[in-house]
Amino acid sequence: MTRGRVARRAWLAACAAGAASLAWRPAPAGAQGLGLARASAVKAAFLYKFGSFVEWPAEAFASPAAPLRIGVYGDDAVASELELITQGRDVGGRPVVVQRVRDVDAMPALHIFFAGGPRTSRMREMIAAAQGPVLTVADGSAGARADAVLYFTEDQGRVRFNASLPAAQARGLRLSAKLLAVAHVVEGR
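Throughout what follows, the structure given in this document is the object of discussion. Sequence positions are assigned chain by chain, starting from 1 and proceeding in written order. Confidence filtering applies because this is a predicted model: local features only for residues at pLDDT of at least 70, side-chain atom pairs given and counted only at 80 or more, and all residues used for totals across whole chains, interfaces and linings. Heavy atoms throughout the structure, all of them, feed into the side-chain values; hydrogens and water do not.

### Some points on the overall build of the protein chain
Step number 1: Under the scheme used here, helices are H or I runs from DSSP no shorter than 4 residues and strands are E runs no shorter than 2 residues, and both carry numbers assigned from the N terminus. Across its full length, the protein chain holds 7 helices and 10 strands.
Step number 2: Looking at the protein chain as a whole, 48% of its 189 residues are labelled buried.
Step number 3: Note on contacts: a residue pair is in contact if any heavy atoms of the two residues lie within 4.5 Å. In the protein chain, 56% of the contacts between residues at least 6 apart in sequence involve partners at least 24 apart. Burial status follows relative accessibility: with a 1.4 Å probe on protein chains alone, a residue under 20% of its type maximum counts as buried, one over 50% as exposed, and anything between as partly exposed.

### Some thoughts on the side chain of Ser164
Step number 1: Its location among the elements puts Ser164 in strand β8 (residues 158-164).
Step number 2: A polar contact of 3.2 Å, which involves the side chain of Ser164, links it to the backbone nitrogen of Ala167.
Step number 3: For Ser164, the contacting residues outside a window of four places in its chain are Ala148, Val149 and Glu187. Polar contact criterion, stated in full: a pair of N or O atoms within 3.5 Å, where within protein one must be able to donate a hydrogen and the other to accept it, and residues adjacent in sequence count only if both atoms are side-chain atoms.

### Observations regarding the pattern of salt bridges
Step number 1: Any carboxyl oxygen of Asp or Glu that lies within 4 Å of a side-chain nitrogen of Lys or Arg is treated as forming a salt bridge with it. All told, the structure shown has 9 salt bridges when counted by the stated rule.
Step number 2: Glu83 is the salt-bridge partner of Arg100, the closest N and O atoms lying 3.0 Å from each other. Here the residue Arg100 occupies a position in strand β4 (residues 94-101), and Glu83 occupies one in helix α3 (residues 76-86), the gap between them amounting to 17 residues.
Step number 3: For Arg100, a relative accessible area of 31% corresponds to the partly exposed category.
Step number 4: For Glu83, a relative accessible area of 32% gives the class partly exposed.
Step number 5: Asp103 serves as the salt-bridge partner of Arg122, at 3.1 Å between the closest nitrogen and oxygen. Taken together, the residues Arg122 in the loop between β5 (112-115) and α4 (123-129) and Asp103 in the loop between β4 and β5 connect sequence positions 19 residues apart.

### Digging into the side chain of Ser40
Step number 1: Along the chain, Ser40 turns up in helix α2 (residues 34-50).
Step number 2: The buried category is assigned to Ser40, whose relative accessible area is 4%.
Step number 3: Once residues within four sequence positions are removed from consideration, Ser40 is found in contact with Asp75, Ala77, Val78 and Glu81.

In C-alpha cells, the structure reads:
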C-alpha cells in the first residue's frame, strides 16, 4: 500500500472515529432518523478537521491568537453537531468559533463557510457572499455549480467530499496534499 493510501485511510479513520463518537446523541429536532443524524455528525467532523489542512494568507487572521471562524448556513443539524465537536477545542492553536448564518446580508467574516440543507437554490448566492480567503464548503453536487472549494457527496451511504483546486486558488487558499489525498475527486489536477 502506498504512503498516500495509508495517509488517506488514517485521515478518514480519524474523521469517522470522531463522528462515530458523536453518533450516540439523540437526533436533532427535525432529523429523519439515524441516517440523517449520522450524516450531520460526519459533515461536522469534516468541517472541524478541514481547518487543519488549509493554509490561509496571513491577513486572513487579525492576530496570531484570533479564532478560526466557521459559519453554517441552512443546516441546523450540522451547526449543532459542530458546536458540540468544537467546544473547548482549537485548530492550530486557535480557538474555534461556530456561527449560524441566516442571510446573505448578515454574512460575518469567516474562515470556513458551509452552505447546506434543503435550501440549495440560494447556495450559489451564499457562497458568493463569503468574500475573501474563505474555505467554502457546500452540500451535494450543487456545490460544484456554486463554485465551492469543497463539497460533500454521498456514495454508497458514506459521506465523502470533492475538492476544486481552481476554486481554492481563486480564494487564495492552499489545500494540503493530505487533504487532497482523501478527497474523492479533485478538480483541476
